[in-house]
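# Inside the fold
What follows is the residue order along each chain.
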Amino acid sequence: MNPEDTDWRQVLSCLCQKLCEKNYTDPDFEKKVFRWEYAATTAFGNIAIPHSAYMDTIKASIALAISRKGVPWGSGTVHLVLLLAINKADKKTSVCCTRR
């Protein structure tokens, strides 16, 4: 898929399918991601960080799409899409970086 020639739905669907093909998510993941995206856009400036409202993926991962031209998303255009797939085990793991 070339993100230059698609809209946000195609980009998001492709990323969801890639995660499912690798057995990181189940087939329902895409539906959950779209449900959340339609409820509230995950685009912030030129970056979108879509995700499911549920932390029930098989394996935590991030799928990435980069578009030099940009993909119309919400009321703007994004150039970077980071699709988050999170599971409950990862909720208990946190990393804190502090500067001393």
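These notes cover the structure that comes with them.

Cut-offs applied
Residues numbered from 1 in each chain as written. Predicted model: local features only at pLDDT ≥ 70, side-chain atom pairs only at ≥ 80, totals over all residues. Heavy atoms only, no water. Core = buried A, V, L, I, M, F, W, Y, C linked by side-chain atoms within 4.5 Å. Buried < 20%, exposed > 50% of the residue type's maximum accessible area, 1.4 Å probe, protein only. Helix = DSSP H or I, 4+ residues; strand = E, 2+ residues; numbered from the N terminus. Contact = heavy atoms within 4.5 Å. Pairing = 2+ DSSP bridges. Axes fitted to C-alpha atoms, helices over the stretch in contact; angles between N-to-C directions. Expected span 1.5 Å × (residues − 1).

### A closer look at the nonpolar core
Note on soluble globular proteins: their nonpolar side chains tend to be buried together. Counting 19 residues, the largest nonpolar core has Leu12, Leu15, Phe29, Trp73, Val78, Val81 and Leu83 as the members making the most contacts within it. Breaking this core down by element, the ones donating at least two residues are helix 1 (8–21), helix 2 (29–39), strand 3 (56–73) and strand 4 (76–87). Per-element accounting of this core gives the leading share, 6 residues, to helix 1. In this structure Trp73 touches Trp8, Leu12, Glu37, Thr41, Thr42, Ala43, Ala48, Pro50, Val78 and Val81, once residues within four positions along its chain are discounted.

### A short note on the sheet that holds strand 4
The strand order 1-2-4-3 describes an open sheet built from 4 strands, whose pairing is mixed. Bordering the open sheet on either side are strand 1 (43–44) and strand 3, each of which pairs with just one other strand. Of the strand pairs in this sheet, strand 2 (residues 47–48) and strand 4 are connected by 2 bridges, and their pairing is parallel. Bridged to Ala48 within strand 4 is Val81. Along the sheet face, helix 1 touches strand 3 and strand 4 and points at about 150° away from the line of strand 3. Where helix 2 meets the sheet, its contacts fall on strand 1, strand 3 and strand 4, and the angle it forms with strand 4 comes to roughly 130°.

### Observations regarding helix 1
Here helix 1 is 14 residues long and its end C-alpha atoms lie 20 Å apart, about the 20 Å a rise of 1.5 Å per residue gives. Among the residues making up helix 1, those that are buried are Trp8, Val11, Leu12, Ser13, Cys14, Leu15, Cys16 and Leu19. Looking at the packing, one finds that the buried side of helix 1 touches helix 2, strand 3 and strand 4. Phi for Asn23, located one or two positions after helix 1, is positive at around 60°.

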